[in-house]
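So the chains spell out like this:
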Amino acid sequence: MALVVQDRTFLDALSDEARKDLLRISVERTFRADEHLLREQDDSSHVLVLLAGWAVVSTATDRSSARLILALRRRGEVVGEMAALGGFRRSASVTALGPVRTLVVPGARFRAFAGRDPQVSALLMAQLVSRLRTADEERRTLASLTVLQRVARRLLELADLQEAPSAPTATRRTGDAYPVLAQFAQHDLADAVGATREAVAKSLRLLRTAGVVRTRPRRIELIDHDALRLLAAGGNIGF
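As the structure is a computational prediction, the values presented were derived from the model and not from experiment.

Looking at this structure, how should I read the overall build of the chain?
If you tally the helices and strands in the chain, you get 9 helices and 9 strands. For the chain, the residues scored as buried account for 49% of the 239 residues in total. Expressed as a percentage of contacts within the chain between residues at least 6 apart in sequence, the contacts between residues at least 24 apart total 71%. As displayed, the chain offers around 11,800 Å² of accessible surface, 52% of which is attributable to carbon and sulfur atoms.

As structure tokens, this is what we get:
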């Protein structure tokens, strides 16, 4: 169960020559927090490469105004390439998680860029395979784990992200003694585990009662990592 693909990013894997070529055919654009980089079902074909910040990939669900968070994208990753390469409508929305700086590449230019460099084509194929593998794992998780297990696993993953050198501003430490998941409200967590907000609220109440987490507005503090790991693995902590 993973929101972030841990492989080397597209931008980091490019040769110096290819990176210069990419910069030549693109323009920079900055997005504000919560601003859409791409919108689901839009027929645009440009590609974005993240230079700084993090973005949320999500898709609409059958529930009114609800979404399912599919992934987090970090510096160096490409978004929107399927529309450019395959001529499809956008399959998901991409939203800035805090300020985001990007390269914007018109679809036709990106296709030409990928077509003239076998390394670029290979990197895009490897990225697609990695993302499909992660998506398959997510589907298995949704089918086989309880909401409480999914919540525990997602909280642990987000906590691990905030320890990384390039951690998103949405998962950062404060002066508290415990890791803090800032800006991830309960409804965001529900979107990230594919469950209703009511079901996630019930899971968080159980975790609060057991002293595993502490919640505040748009803030979740992880107090007992061992208990979360036990729950994520299917164990029981006595409630």
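Next comes the rest of the account.
How should I be thinking about helix α5 (residues 118-144) in this particular structure?
Side chains of residues three or four places apart in an α-helix project in the same direction, reflecting 3.6 residues per turn. Under the 1.5 Å per step criterion, the end-to-end length of α5 is 39 Å for 27 residues, consistent within 8% with the ideal 39 Å. Every buried residue of α5 is accounted for by V120, L124, Q127, S130, R131, T134, E138 and T141. For α5, the side-chain oxygen to backbone nitrogen distance between the N-cap and Q119 is 2.9 Å, and the N-cap itself is D117.

Would you take a moment to explain a nonpolar patch on the surface for this structure?
Judged by side-chain polarity, M82, F88, M125, L128, V129 and L132 come together as a nonpolar surface patch covering roughly 550 Å² of accessible area. Here the nonpolar patch takes 4 residues from α5, the largest share from any one element. Here F88 is to be found in the loop between α3 (81-86) and β6 (93-105).

Sorry if this is basic, but what is going on with the pairing of strand β3 (residues 47-60) here?
Two faces belong to every sheet, and in a regular strand the side chains alternate between them. Across the 14 residues that make up β3, a large majority, 11, are buried. Examined bridge by bridge, β3 and β6 share 10 bridges and lie antiparallel to one another. Its bridge partner being in β6, V49 is matched across the sheet by L103. Here β3 pairs with strand β5 (residues 78-79) via 2 bridges, running antiparallel. Considered in β5, the bridge of L48 is made with V79. As paired strands, β3 and strand β4 (residues 67-73) are joined by 6 bridges and run antiparallel to one another.

Reading the values: the criteria
- Residues numbered from 1 in each chain as written.
- Predicted model: local features only at pLDDT ≥ 70, side-chain atom pairs only at ≥ 80, totals over all residues.
- Heavy atoms only, no water.
- Helix = DSSP H or I, 4+ residues; strand = E, 2+ residues; numbered from the N terminus.
- Buried < 20%, exposed > 50% of the residue type's maximum accessible area, 1.4 Å probe, protein only.
- Contact = heavy atoms within 4.5 Å.
- Areas by Shrake-Rupley, 256 points an atom, 1.4 Å probe, with all protein chains shown as cover.
- Expected span 1.5 Å × (residues − 1).
- Polar contact = N/O pair within 3.5 Å; in protein donor to acceptor, adjacent residues only side chain to side chain.
- Patch = residues over 30% accessible without salt bridge, like charges linked within 9 Å, V, L, I, M, F, W, Y side chains within 5 Å.
- Salt bridge = Lys/Arg side-chain N within 4 Å of Asp/Glu carboxyl O.
- Pairing = 2+ DSSP bridges.

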